[in-house]
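Here is what each chain is made of, one letter per residue.
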Amino acid sequence: MSVILSPSLLSADFANLGHDIRLVEEAGADWLHIDVMDGHFVPNITIGVPVVKSIRKITNLVLDVHLMIENPADFVLPFAKAGADLITFHYEAAENPEEVISFIHKAGLKAGISIKPKTPPESIFPYLNDVDLVLVMTVEPGFGGQSFIHECASKIPLIKENAPDDLIIQVDGGINNVTSKICTSLGANSLVAGSYIFGSGDVEAACRSLLH
Ligand code: DX5
Ligand code: ZN
């Protein structure tokens with residue numbers, strides 16, 4: 001099973017994003033993970049629509065936008081227009097997840113739904129046939145550089161058992177060359193990694209160690 005690598009720009013150098021994006025492109029990354037935080041759903045503020053628009057102009061990588069915001073439905077169109085290819089929102093932030101999924105699909109994008117560490121996987125079972133991706137958070141969302149929460153990985157096989165074969169199961173938080181193998185052996189097929197890749201000093205070697 002091939003694994004989709006989605007380096008998280010949260011740990012890149014924000015003064016040199018173009019440079020860091022080229023590094024992960026050259027290292028064979030498939031996607032670019034863009035963490036959007038609003039200071040309400042999570043206690044941090046990061047990237048917004050104008051940054052995604054600028055990134056769109058300099059790369060052909062799939063822009064994998066992870067919305068950690070309240071009222072995700074309100075921001076589907078702005079991020080779609082900015083050039084996102086995939087929008088993942090949080091189950092906990094959506095009053096009507098079905099509606100958000102349908103907004104994303106109507107905008108012509110792939111849709112993902114994410115759950116925080118304390119949210120049981122059963123909560124999203126009703127949506128598994130409608131989404132393209134499930135993002136299992138393996139840290140509390142909000143910050144890069146946290147340690148992998150092992151218990152979260154046990155959600156992966158439960159989701160896989162109840163999902164269509166082509167559902168992408170992504171993990172995000174504390175992913176390194178060891179935790180990535182735990183997740184892929186349980187059925188994850190997309191890895192997000194930020195500090196492990198951009199803090200490593202050797203982006204190419206870090207990406208290679210995640211993919212093999
Ligand atoms: C955290 C973000 C992650 C973050 C992961 O809320 O969703 O994408 O960048 O960072 P690492 O890989 O350092 O745990
Ligand atoms: Zn993320």
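An account of the accompanying structure is given in this report.

About the thresholds
Residues numbered from 1 in each chain as written. Chains lettered and ligands numbered in written order. Predicted model: local features only at pLDDT ≥ 70, side-chain atom pairs only at ≥ 80, totals over all residues. Heavy atoms only, no water. Helix = DSSP H or I, 4+ residues; strand = E, 2+ residues; numbered from the N terminus. Rg over C-alpha atoms; globule rule 2.2 N^0.38 Å. Buried < 20%, exposed > 50% of the residue type's maximum accessible area, 1.4 Å probe, protein only. Contact = heavy atoms within 4.5 Å. Areas by Shrake-Rupley, 256 points an atom, 1.4 Å probe, with all protein chains shown as cover. Lys, Arg positive; Asp, Glu negative; His and termini not counted. Charge placed at Lys NZ, Arg CZ, Asp CG, Glu CD. Pairing = 2+ DSSP bridges. Axes fitted to C-alpha atoms, helices over the stretch in contact; angles between N-to-C directions. Core = buried A, V, L, I, M, F, W, Y, C linked by side-chain atoms within 4.5 Å. Polar contact = N/O pair within 3.5 Å; in protein donor to acceptor, adjacent residues only side chain to side chain. Donors = N, O, S within 2.8 Å, 3.2 Å for Na, K, Ca; no water. Tetrahedral: all angles 85-135°; square planar, octahedral: opposite > 155°, others 65-115°. Near = heavy atom within 4 Å. Nonpolar A, V, L, I, M, F, W, Y, C, P; charged D, E, K, R; others polar. Arc of directions from axis to C-beta.

### Some details on the overall build of the chain
Alright, step 1. When its secondary structure is counted, the chain shows 9 helices and 8 strands.
Alright, step 2. The C-alpha radius of gyration computed for the chain amounts to 16 Å, which stays within 12% of the reference 17 Å derived for 212 residues, consistent with globular compactness.
Alright, step 3. For the chain, the proportion of its 212 residues judged to be buried stands at 51%.
Alright, step 4. Sequence separation of 24 or more characterises 65% of the internal contacts of the chain that already satisfy a separation of 6 or more.
Alright, step 5. Of the roughly 9,200 Å² of accessible surface on the chain, 51% is carried by carbon and sulfur atoms.
Alright, step 6. Averaging the positions of the 13 positive and the 26 negative side-chain charges in the chain gives two centres separated by 5 Å.

### Notes on the sheet that holds strand S3 (residues 62–68)
Alright, step 1. Reading across the sheet, the 8 strands line up as S1-S8-S7-S6-S5-S4-S3-S2 and stay open at both edges, with parallel pairing between neighbours. A strand with exactly one partner marks an edge of an open sheet, and here the two such strands are strand S1 (4–7) and strand S2 (31–37). Pairwise comparison of adjacent strand axes, ignoring direction, gives a mean angle of 20° for this sheet.
Alright, step 2. Pairing analysis gives 4 bridges linking strand S5 (residues 110–115) to strand S6 (residues 133–137), with the strands arranged parallel. By the bridge assignment for S6, Ile115 is matched with Val136.

### A look at the nonpolar core
Alright, step 1. Core analysis: the largest hydrophobic core is formed by 60 residues, its most contacted members being Leu9, Val134, Ile159 and Ile197.
Alright, step 2. Those residues within four positions of Ile159 in sequence are excluded, and the remaining contacts are Ile115, Pro121, Ile124, Phe125, Leu128, Val134, Val136, Leu167 and Ile169.
Alright, step 3. Residues Trp31, Leu133, Leu135 and Ile168 belong to the second largest nonpolar core, which totals 8 residues.

### Description of the side chain of Ser6
Alright, step 1. As for its position among the elements, Ser6 is in strand S1.
Alright, step 2. Looking at Ser6, its side chain comes within polar contact range of the main-chain nitrogen of His33, at 3.4 Å.
Alright, step 3. Side-chain polar atoms of Ser6 contact the side chain of Asp64, separated by 2.7 Å.

### Some points on the coordination of the zinc ion (ligand 2)
Octahedral metals with six donors have ideal donor angles of 90 or 180 degrees. Tetrahedral metals with four donors have an ideal donor angle of 109.5 degrees.
Alright, step 1. Summarising the metal site, the zinc ion (ligand 2) is bound by the protein donors His33 (NE2), Asp35 (OD), His66 (ND1) and Asp172 (OD), whose distances to it range over 2.0 to 2.3 Å.
Alright, step 2. Note that the zinc ion (ligand 2) binds 6 donor atoms; their angles at the metal cover 71 to 170°, and the shape is octahedral.
Alright, step 3. Written as a sequence motif, the donor residues of the zinc ion (ligand 2) are H-x1-D-x30-H-x105-D. Of this pair, Asp35 sits in strand S2 while His66 is found in strand S3, placing the two residues 31 residues apart along the sequence.

### A short note on the site of ligand 1
Alright, step 1. Residues in close proximity to ligand 1 total 20 residues, the closest being Ser8, Gly142, Asp172, Gly194 and Ser195.
Alright, step 2. Contact distances for ligand 1 include 2.7 Å between an oxygen atom and a side-chain N or O atom of Ser8.
Alright, step 3. At 2.8 Å from an oxygen atom of ligand 1 is found a main-chain nitrogen or oxygen belonging to Gly194.
Alright, step 4. Contact with the protein chains hides 100% of the accessible area of ligand 1, taken as 380 Å² for the molecule alone.
Alright, step 5. Looking at the shell around ligand 1, the elements that each hand over two or more residues are S2, S3 and strand S8 (190–193).
Alright, step 6. Considering every element that reaches the shell around ligand 1, the biggest residue donor is S2, with 3 residues.
Alright, step 7. Grouping the amino acids of the shell around ligand 1 by side-chain chemistry returns 8 nonpolar, 10 polar and 2 charged.

### Examining helix H1 (residues 17–26)
Alright, step 1. Turning to H1, its buried residues number three or more, namely Leu17, Asp20, Ile21 and Val24. What you see down the axis of H1 is that its buried residues fit within an arc of 100°, all on one side.
Alright, step 2. Against the buried residues of H1 lie S1, S2, helix H2 (49–58), helix H8 (195–198) and helix H9 (203–211).

### A word on H9
Residue pairs spaced three or four apart in an α-helix point in one direction, given the helix's 3.6 residues per turn.
Alright, step 1. Regarding H9, the residues found buried are Val203, Ala206, Cys207 and Leu210. Buried residues of H9 fall within an arc of 95° about the axis and therefore sit on the same side.
Alright, step 2. Those residues of H9 hidden inside the fold are in contact with S1, H1, helix H7 (179–186), S8 and H8.

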